[in-house]
Amino acid sequence: MIADAHTDLLLELAYRERRLGETNVFSRTWLPLLEEGRVGLQVCPVYVDHAVQPEGSLREALSLVASFHRALHECADRVVQVRTAADLDAVERGERLGLMLSLEGVEAFGVEVWPADVFHELGVRMAGLTWNMRNAFSDGAAEAGGGLSRLGRELVDRLVSLGVILDLAHASAGAFADILARAPGHPIVYSHGGCRAVHDTPRNLDDAQLRALAEAGGLFGLMLHPIAIGPEQRTIEGVIAHLEHACDVVGVERVCLGGDFTRRLWEAMPTPAMPNDGLTPPGHQAGAGIEGLTGPECYPVLVTALNERGWPEADIRAVTSLNLLGFLRRSLAPA
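Just so it is clear, the structure is predicted and the values come from calculations on it, not from any experiment.

**Student:** Describe the packing of aromatic side chains, with residues and values.
**Tutor:** Overall, the coordinates contain five aromatic pairs when judged by the stated rule. Taken together, a centroid distance of 6.3 Å and an interplanar angle of 85° make the contact between phenylalanine 109 and phenylalanine 137 edge-to-face. Taken together, the residues phenylalanine 109 in the loop between strand 4 (97–104) and helix 6 (115–121) and phenylalanine 137 in the loop between strand 5 (124–128) and helix 7 (150–162) connect sequence positions 28 residues apart. Note on accessibility: phenylalanine 109 and phenylalanine 137 belong to one class, buried. Each ring, one from phenylalanine 261 and one from tyrosine 299, has its centre 5.5 Å from the other, and the planes form 75°; the classification is edge-to-face.

**Student:** Any details on the nonpolar core? Residues and values, ideally.
**Tutor:** Within soluble globular proteins, side chains that are nonpolar generally end up buried alongside one another. Core analysis: the biggest nonpolar cluster contains 88 residues, and Phe26 and Phe220 have the highest contact counts within it. Ranked by residue count, the leading element in this core is helix 11 (residues 236–250), at seven residues. Residues Met126, Cys256, Leu324 and Phe327 belong to the second largest nonpolar core, which totals 19 residues.

**Student:** Please provide a residue-by-residue account of helix 7, values included.
**Tutor:** The end-to-end C-alpha separation of helix 7 is 19 Å, in line with the 18 Å expected for 13 residues at 1.5 Å each. Considered for burial, the residues of helix 7 that qualify are Leu151, Gly152, Leu155, Val156, Leu159 and Leu162. Burial along helix 7 is one-sided: seen end-on, the buried residues are contained in an arc of 140°. Packed against the buried residues of helix 7 are helix 6, strand 5, strand 6 (165–167) and helix 8 (173–182).

What counts, and where the lines are drawn
Residues numbered from 1 in each chain as written. Predicted model: local features only at pLDDT ≥ 70, side-chain atom pairs only at ≥ 80, totals over all residues. Heavy atoms only, no water. Phe/Tyr/Trp six-rings, centres within 6.5 Å; stacked < 30°, edge-to-face > 60°. Helix = DSSP H or I, 4+ residues; strand = E, 2+ residues; numbered from the N terminus. Buried < 20%, exposed > 50% of the residue type's maximum accessible area, 1.4 Å probe, protein only. Core = buried A, V, L, I, M, F, W, Y, C linked by side-chain atoms within 4.5 Å. Expected span 1.5 Å × (residues − 1). Arc of directions from axis to C-beta. Contact = heavy atoms within 4.5 Å.

Such coordinate-based values are descriptive only and should not be taken to indicate function.
Shown next, in the form of structure tokens:
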């Protein structure tokens, strides 16, 4: 079984449903791919593209949440929403594919904290405060030096009180440190990114950050995307180099997968304009993926490569599923 901490499949669902008027989209598109790749748990982020901000942020976010719930209703015999640790029972028994809702940035909140309660009621159980760029709550990875704002500190406190897992992916170095200091003992994850020692980009964590994450009891999710792995090493060997470095620094028990597969999205939807965040490598094309690992259906290829590399079976199972499943079981409310 594979457990994946981040893939933006809701973008395609919402586009096909709202713009093309299609139905049963999840069952016809992503569900077969997830099942082919033996994905048992998929975290589904709500991401609001910069092109619709700020005016359309809340509407866009709710559109993605609506698509998430439509997928649950249309595939009720095959999927289960993960809100509590008890919801993982059916996932771990292999009876249902677990889908969990997260926020990749809180731009939809505007300058208010109360929307956190609304999105929690809708099922959000993981949240990052920002994408790459600055918002009212926090600086993102593209910003130098800054961290949480006063409003951001208030929001962190509210998310902690709700029991929402804090996601540090896309946080600036300052926000990364601020959140760790403000929420000691609270579940922390870095859902998708890479190791800066292997590929130097602000979207990746340096070794000191990796160790700080591990010391806080957090989990590091490797992003299977050229921006994290490196545009010159977008191969499975490049992926394994990041995995092995992370395991060497923090231990195999602190590493998981956060696919962030985008090739299918930009084949099915209009290609977005590249954001002016300074983090996109020169010449990078939207949808460019890792060779041989372009979607969840390719996960068995990664497992085979790890086997051939000589990874122990226990370590492969830990990184590909057990670490994330165990983290969620410990972090979510029991029932």
